Amino acid sequence: GRHFHRDMVVAAKVLFGPRKYMSYEQSQKKTGTAISGSGPKVKTEALSVCRYFVDGHRDKLLEAVMKQTKGRMNDVNFFSLLCHRPGVVCDASSPELDEDDEHMDEL
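Read on for an overview of the structure. Keep in mind that what you see is a predicted model, and the values were worked out from it rather than measured. (Residues numbered from 1 in each chain as written. Predicted model: local features only at pLDDT ≥ 70, side-chain atom pairs only at ≥ 80, totals over all residues. Heavy atoms only, no water.)

### A look at the sheet that holds strand 2 (residues 20–23)
Across a sheet, strands are paired by hydrogen bonds formed along the backbone, either parallel or antiparallel in direction.
In step 1: With antiparallel pairing, three strands are arranged side by side in an open sheet as 2-1-3. Strand pairing shows two members of the sheet lacking a second neighbour, strand 2 and strand 3 (34–38), which therefore form its edges. Adjacent strand axes in the sheet meet at a mean angle of 40°, parallel and antiparallel pairs treated alike.
In step 2: Where strand 1 (residues 8–12) meets strand 2, four bridges bridge the pair, whose relative direction is antiparallel. By the bridge assignment for strand 2, Val-10 is matched with Tyr-21. (Pairing = 2+ DSSP bridges. Helix = DSSP H or I, 4+ residues; strand = E, 2+ residues; numbered from the N terminus. Axes fitted to C-alpha atoms, helices over the stretch in contact; angles between N-to-C directions.)

Quick look at the structure:
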């Protein structure tokens, strides 16, 4: 859990929009961000979700790591690999990442 922000929140760019885990500081960078959860329970939940994805998709992650023979390992888009699976992880109508979501790589 040391790589997760101490002050994590669950927030959306717009009220009732798709929610994401981020630091409180990141949530304050844009006006209008709606925070729907905060406190120690948010970090605990984020860690549980992370463990679920890592443990539940170990083979897929290992395969991606083994295929990455050039460049840096963090060039692999693990987020897309695991999280853009409509009907499994996200709503099929969820938009793809935009530039404002780059901070998610830090978590």
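### Quick word on the nonpolar core
In step 1: Grouped together as the largest cluster of nonpolar side chains are six residues: Phe-4, Met-8, Val-10, Val-42, Ala-46 and Leu-47.
In step 2: Within the residue set of this core, elements represented by two or more residues are strand 1 and helix 2 (40–56).
In step 3: With three residues, the top contributor of residues to this core is helix 2. (Core = buried A, V, L, I, M, F, W, Y, C linked by side-chain atoms within 4.5 Å. Buried < 20%, exposed > 50% of the residue type's maximum accessible area, 1.4 Å probe, protein only.)

### Concerning helix 2
In step 1: Compared with the 24 Å implied by 1.5 Å per residue over 17 residues, the 24 Å span of helix 2 between its first and last C-alpha is a close match.
In step 2: Every buried residue of helix 2 is accounted for by Val-42, Ala-46, Leu-47 and Phe-53. Looking down the long axis of helix 2, one finds its buried residues gathered within 135° of arc, a one-sided arrangement. Of the exposed residues in helix 2, the ones pointing more than 90 degrees away from its buried face are Pro-40, Lys-41, Thr-44, Tyr-52, Asp-55 and Gly-56. (Expected span 1.5 Å × (residues − 1). Arc of directions from axis to C-beta.)

Bear in mind that shape data such as this cannot, by itself, settle questions of function.
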